[in-house]
Amino acid sequence: MNELSTGTDALFERELAAHLRALTSSKMEELRAQFRAESWVLLGRLLPEAWEQRVRREAWDVLERRGVQRDISVPETGHSPRRLRNVRQREIAAETEILPRLYYAGALRTLVAEIAGSPAELCPFAPERFVLASMSRVGDTHGWHWDDYAYALVYLIDAPPVGAGAEVEYLPGVAWEKQQPCVQEHLAAGRVRKRRVESGEAYLLRGDTTLHRVAPLERDATRVVCAMAYAHPDDLTRAITHETTEAFYR
Ligand SMILES: [Fe+2]
């Protein structure tokens, strides 16, 4: 993590905590109920306004310097495609200031835990803690998959315009059998939900038991996210493999 002055560091955490309290305290029951029912909930604008542009600048900056274009398919998720540009966790950790502090902020983890109704632990596998992904060209997509750890908090730094595709689609309550993922069977049997998320908003997803994707861009447009992963306490004791991450961030 780059050096921030202690004052700036403390200021960010204080302002984030106050902002998240104001954003969620009056609707906590609603958020919890929706997350229980849907495994997905929209949180609203994640950052205090004064910090949004700063985070956006540092995300774009590191994407430009360290972003790697990917075009792969992953056998463990039914050969679904990944066509986007991403930045590895360790480069974000080393070269940005606010993004890592956002991930580690006590107020954010407390919020995830309150909504989920269980502790939200730091992801024990560091490469999945926080990553950046950028889609820009028609056909770019983050295809159908599950996450290795329970909770995904996804912050939309830039959303594509309405009508450009790249919505979040998800099907809750589906277990991941890595040897036999049966993605098409699950999709045919279930009711896929589709959500649009605006720039500056974040959503929380139960990613390990929800089949989900970012639909393809239908035309050239920009979509940039920071995806953060937290673990359920049970994740800390079971054996978890990381095929997708190993293929996606090599
Ligand atoms: Fe995911």
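Refer to the structure printed above.
Because the structure is predicted, anything quoted here is derived from the model rather than measured.

1. With respect to the overall build of the protein chain
Broken down by element type, the protein chain carries 8 helices and 12 strands. In summary, the protein chain has a C-alpha radius of gyration of 17 Å against a globular reference of 18 Å for 250 residues, a match within 12%. Taken along the three principal axes of its C-alpha coordinates, the protein chain extends 50 × 40 × 40 Å. Within the span of the protein chain, comprising 250 residues, buried residues form 54% of the whole. In the protein chain, once contacts between residues fewer than 6 apart in sequence are set aside, the share between residues at least 24 apart is 86%. Accessible area of the protein chain: about 11100 Å², with a carbon and sulfur share of 49%.

2. Section: the nonpolar core
One finds Leu 108, Ile 115, Leu 132, Leu 153, Tyr 155, Met 228 and Tyr 230 to be the most contacted residues of the largest nonpolar core, which totals 48 residues. A per-element tally of this core places strand β12 (residues 223-231) first, with 6 residues. Not counting the four nearest positions on each side in its chain, Ile 115 is found in contact with Met 28, Leu 31, Arg 32, Phe 35, Val 41, Leu 43 and Leu 204. Counting residues in hydrophobic clusters, the runner-up holds 22 residues, among them Leu 156, Val 214, Ala 221 and Phe 248.

3. Points about the coordination of the iron ion
Binding of the iron ion to the protein goes through His 145 (NE2), Asp 147 (OD) and His 212 (NE2), at separations of 2.1 to 2.2 Å. Considered as a linear motif, the donors of the iron ion on their single chain read H-x1-D-x64-H. Residue Asp 147 is found in the loop between β6 (141-145) and β7 (151-158), and its partner His 212 is found in strand β11 (residues 210-214); the two are separated by 65 residues along the sequence. Residue His 212 is classed as buried on the basis of its relative accessible area of 7%.

Criteria and thresholds
Residues numbered from 1 in each chain as written. Predicted model: local features only at pLDDT ≥ 70, side-chain atom pairs only at ≥ 80, totals over all residues. Heavy atoms only, no water. Helix = DSSP H or I, 4+ residues; strand = E, 2+ residues; numbered from the N terminus. Rg over C-alpha atoms; globule rule 2.2 N^0.38 Å. Buried < 20%, exposed > 50% of the residue type's maximum accessible area, 1.4 Å probe, protein only. Contact = heavy atoms within 4.5 Å. Areas by Shrake-Rupley, 256 points an atom, 1.4 Å probe, with all protein chains shown as cover. Core = buried A, V, L, I, M, F, W, Y, C linked by side-chain atoms within 4.5 Å. Donors = N, O, S within 2.8 Å, 3.2 Å for Na, K, Ca; no water.

Everything listed is a geometric property; what it means functionally is a separate question.
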